[in-house]
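# Descriptive structure summary
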Amino acid sequence: MTDSGRMAEAFFRDRYNIDGTVAADLIGVAMSRGGDHAELYFEHRQGSNITFEQQHVKTASRTTTQGVGVRVLQGDAIGYAYSEDLSRESMRRAADTAARIASRGDKAEPVDVMHYESANFYTPEAGTLSVPASDKVDLIRRADDAARAYDASIARVDVNFIDELKHVMIVTAGGRMAGDVQPLVRFNVSCLSEREGNRQNARWGGGGRMGMSYFETHTPEMLAREAARQATVLQSAIDAPAGTFPVVLAGGDSGILLHEAIGHGLEADFNRKRTSNYTDQVGNVVASELCTVVDDGTIKDSRGSINIDDEGNLPGYNVLIEDGVLKGYIQDHMSTKHFKVEPTGNGRRQSFKHYPMPRMTNTYMLAGQSAPEDIIRSVERGIYCVAFNGGQVNISNGDFVFSVTEGYMIEGGKVTAPIRNVNLIGNGPDVLRKVTAVGSDFALSDGRWTCGKDGQSVPVGVGIPTVLISGMTVGGTAIG
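Residues numbered from 1 in each chain as written. Predicted model: local features only at pLDDT ≥ 70, side-chain atom pairs only at ≥ 80, totals over all residues. Heavy atoms only, no water.

So, about the overall build of the protein. Regarding its fold elements, the protein presents 11 helices and 25 strands. Scaling as 2.2 N^0.38, a compact globule of 480 residues should have a C-alpha radius of gyration of about 23 Å, and the protein matches this with 24 Å. Summarising its shape, the C-alpha atoms of the protein cover approximately 70 × 55 × 35 Å along the three principal directions. Of all 480 residues assigned to the protein, the portion counted as buried reaches 58%. Looking at the protein alone, contacts between residues at least 24 apart form 76% of all its contacts between residues at least 6 apart. When the accessible area of the protein is evaluated, it comes to approximately 18900 Å², of which 47% is carbon and sulfur surface. (Helix = DSSP H or I, 4+ residues; strand = E, 2+ residues; numbered from the N terminus. Rg over C-alpha atoms; globule rule 2.2 N^0.38 Å. Buried < 20%, exposed > 50% of the residue type's maximum accessible area, 1.4 Å probe, protein only. Contact = heavy atoms within 4.5 Å. Areas by Shrake-Rupley, 256 points an atom, 1.4 Å probe, with all protein chains shown as cover.)

A few words on the packing of aromatic side chains. Summed over the entire model, instances satisfying the criterion amount to 15 aromatic pairs. A centroid spacing of 5.9 Å and a plane angle of 50 degrees characterise the contact between Phe-12 and Phe-42, whose relative ring orientation is tilted. Here Phe-12 is found in helix α1 (residues 4-16), whereas its partner Phe-42 is found in strand β1 (residues 37-53), with 30 residues between them in sequence. Ring centres of Phe-161 and Phe-187 lie 6.0 Å apart, and the angle between their planes is 90 degrees; this geometry places the pair in the edge-to-face category. With Phe-161 in strand β5 (residues 154-172) and Phe-187 in strand β6 (residues 176-195), this pair connects stretches of sequence that are 26 residues apart. A connected cluster of aromatic rings, assembled from ring pairs, spans Phe-11, Phe-12, Tyr-16 and Phe-42. (Phe/Tyr/Trp six-rings, centres within 6.5 Å; stacked < 30°, edge-to-face > 60°.)

Turning next to helix α7 (residues 255-263). Counting buried positions along α7 gives 9 out of 9 residues, so the element sits mostly inside the fold. For α7, every residue scored as buried is listed here: Gly-255, Ile-256, Leu-257, Leu-258, His-259, Glu-260, Ala-261, Ile-262 and Gly-263.

This part is about the state of the cysteines. All told, the structure shown has 0 disulfides when counted by the stated rule. The structure places no disulfide on Cys-385, whose sulfur is separated from the nearest cysteine sulfur, that of Cys-291, by 16 Å. Residue classification places Cys-385 among the buried positions, given a relative accessible area of 0%. (Disulfide = S-S within 2.5 Å.)

Looking at chain direction, strand β9 (residues 241-249) and strand β24 (residues 467-475) are connected through 6 bridges and run antiparallel. If you follow Leu-249 over to β24, its bridge partner there is Val-467. As judged from the 3 bridges shared by β9 and strand β16 (residues 381-393), these two strands associate in the parallel manner. What sits directly across from Val-247, in β16, is Ile-383. (Pairing = 2+ DSSP bridges.)

Applying the stated criterion across every chain yields a total of 32 salt bridges. A salt bridge links Asp-25 to Arg-92; its shortest N-O distance comes to 2.6 Å. Linking Asp-25 in helix α2 (residues 20-30) with Arg-92 in helix α3 (residues 88-101), this pair joins segments that are 67 residues apart in sequence. Two residues, Glu-89 and Arg-93, come together in a salt bridge whose shortest N-O distance is 3.5 Å. With a gap of 4 residues between them, Glu-89 and Arg-93 both fall in helix α3, about one helical turn apart. Residue Glu-89 is classed as exposed on the basis of its relative accessible area of 57%. Bridged by salt links that share partners, the residues Glu-39, Arg-71, Glu-311 and Arg-349 form one connected network. (Salt bridge = Lys/Arg side-chain N within 4 Å of Asp/Glu carboxyl O.)

The next point concerns helix α6 (residues 220-233). End to end, α6 covers 20 Å across 14 residues, agreeing with the expected 20 Å (1.5 Å per residue, within 8%). With 10 of 14 residues buried, α6 lies mostly within the body of the structure. (Expected span 1.5 Å × (residues − 1).)

Following this line, the structure appears as structure tokens:
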């Protein structure tokens, strides 16, 4: 069986005796006091985490969580309840609680529950959870050895191997039953370089919705050497200048800035509540004509991809901004009703304890026409940013401060000295209007990013080609 939806349905039927008949009964309870919509979200998640510090396994843990979340919608009102107990009685109690919260007084007709086909953008059997811990520790030790061999200054190496396998099943009041089996693996390496009392840290890693095959193309040695390289580069870094400079964002990891400073403003809930800079801007020019931005949940094996969203809709390739013109928002069920548009497959949640909302999957800017080396050559004095460590963003208006973990000066059209203690300060929509060149070298970041919103975290992917921004505030410690 390779259909992830049918695999998930079989899992909940065989383990918990939850089938279409039981699900239809629970939907009936949820809608017994009226409402516009109801859904059930069943989840079973197994995870493991190995932490390796100073050449020893410090912790190794394994967890299992399970439960069902019941949501009932009445206009903009949400009735939500969940149960960690998947007995019939407890699930009915949760459904009745959600129904009471969103009570309208009338009663919906019973529905027949039918299977809805999921997509196939990763292999359900590909998880790493069944791999013996000793094999995972072997990978970790290879990374530790490679990092220490890279440079004599590497004084400390920490490694994390984190993986999970999640079965989900969604049943809606419209009679749709959909499911998915979602593998996820992440491998992180942190290195400390120490020379004459100067200590510099760097962190690198990756992963995705795949199994041990990930390490065939991204070996532990490669990931470790990259973390070690970044840490040692910082040893020779100079203080970053402060002021307004042209900024070149390198392809790949820089996409996190696009995600945080622009992508959140395109989530439909902020626009439905009229708290985004992009409210009422569909059809208007909101960026440089060089910019086309998409959210794409269909990339094979990517960390942000899904076979079905947490409301039971297929993921999509959704063009958000095309040639600088805003084309649409990232939608969930509530917002599609408000804006009278089709689902985009972006209703996501952290777990059964949380209700879904519009969330990004893999968000990126399409490649342009410029050669990356020509973009750098066009800058007389500026900043070249390669890697980031997250930052702070005002989601509603796009104001941001990002910390650059690997950056360089551009002088006379050439990349020169590495810089440290550098922050980028700006406003997402404003920055997107200042894009004056887009490279032909699009790259998707390796799977290491997690998006936070309203206390919920979900895995995402980011990507971008080399991009030139004509002017951005650089928060450094050196004068001009």
